[in-house]
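Chain residues, written in single-letter form:
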Amino acid sequence: MATVIRQENIAPKSASVPDREGPGHDAEFRSALSWLLPDPIRRHGGRIETLQQPLLETEALLVRNAVERRVMEFTAGRACAHAVLGELGLAGVPVGMGPRREPLWPSGTVGSISHAAGFCVAAAGTRDHMAGLGVDIECASALPETLTDLVCTPAERRWCEGQSGLSAGLLAKFVFSAKEAVFKCLYPVFGEELDFMDVTLELDMQAGRFIARVSRLALNTDADLELHGRVACTSRLAMTSALLLHSTCEWLHHGYGLRRLADCEGQYICN
């Protein structure tokens, strides 16, 4: 069942998010993760300070010059990644880092990492189940007004302002998060740097779902790409995920064969 999002269980417009510590919020977080990342996706998350453990040697080199906060966030992300990879039979395999600081997952897998408001989550699956996966968590507070026009299309902004019971700024934060999840899902597949305006969203907050359409011009395809995602929340976090299925890749190829997909390892169209 979807996590229904109501005004009473998310932060009001322009208010700081309450620091609700303890097992209550942790249970809320785990429940939201279960909806956001259903099986066969493997997911793991928790508080950053509780996820500190020794990095693998190659991973430690990636943050050897970083400030303490960055090291803690990175360490928590890799701890979560190692947990989900262990469930996939890949215990002890390092997760590298690409030029955009994106995680580089082991051969045959796709995944995503995110952290915010003292929490971290990682999700992964095998390429025989999915072509791309993105997850994003953000602090459940209003998106600054100065960023709204950069993130939201005019139609999305009107939608944010027209919903009853939910603040426009907080809904804009969910738009931001959903687009971040889409970027994380598609960048490893297409290798294209997307702008917020390259993605248009239809969100259903009651159902906890969204549809994202990505411009064919941004992806260098002959048709726009459509993918689906999920939305969840806790009292502290706005949470989204996006999934790219093989059937979508096959549709792109067979109907609109301009673009071939990278690093598919035989599961769909190879370069």
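Residues numbered from 1 in each chain as written. Predicted model: local features only at pLDDT ≥ 70, side-chain atom pairs only at ≥ 80, totals over all residues. Heavy atoms only, no water.

Peer 1: Where do I start with the sheet that holds strand β9 (residues 225-233) in this structure?
Peer 2: For sheets, the rule is that strands pair by backbone hydrogen bonds, running either parallel or antiparallel. Spatially, the 5 strands line up as an open sheet ordered β6-β10-β9-β8-β7, and their pairing is antiparallel. The sheet is open, and its two edges are formed by β6 (132-139) and β7 (199-204), each paired on a single side. Pairs of neighbouring strands in the sheet enclose a mean axial angle of 20°, with direction left out of account. Of the pairings in the sheet, the one linking β6 to strand β10 (residues 237-244) comprises 8 bridges and is antiparallel in character. Counted as the bridge partner of L133 is L243 from β10. (Pairing = 2+ DSSP bridges. Helix = DSSP H or I, 4+ residues; strand = E, 2+ residues; numbered from the N terminus. Axes fitted to C-alpha atoms, helices over the stretch in contact; angles between N-to-C directions.)

Peer 1: Honestly, the sheet that holds strand β4 (residues 109-116) in this entry has me stumped. Any pointers?
Peer 2: Ordered by their spatial adjacency, 3 strands build an open sheet running β1-β5-β4, and the pairing between neighbours is antiparallel. Bordering the open sheet on either side are β1 (42-47) and β4, each of which pairs with just one other strand. The average angle at which neighbouring strand axes cross in this sheet is 10°, direction not considered. Across 6 bridges, β1 lies against strand β5 (residues 119-126) in antiparallel orientation. Bridged to R43 within β5 is A123. Where helix α3 (residues 68-87) meets the sheet, its contacts fall on β1, β4 and β5, and the angle it forms with β5 comes to roughly 35°. (Contact = heavy atoms within 4.5 Å.)

Peer 1: For this particular structure, what's the right way to read the packing of helix α5 (residues 154-162) against helix α6 (residues 168-190)?
Peer 2: Two numbers describe how α5 lies on α6: the axes approach to 8 Å, and their chain directions differ by 140°. Our classification of the angle between α5 and α6 gives oblique. Classified by chirality, the crossing of α6 by α5 is right-handed. Taking contact as the criterion, the partners of E156, W159, C160 and E161 in α5 are, on α6, A168, L171, A172, V175 and K179. For the contact of α5 with α6, the per-class residue count stands at 6 nonpolar, no polar and 3 charged. (Parallel < 35°, antiparallel > 145°, perpendicular 65-115°, else oblique. Left-handed = near helix turned anticlockwise from the far one by under 90°. Nonpolar A, V, L, I, M, F, W, Y, C, P; charged D, E, K, R; others polar.)

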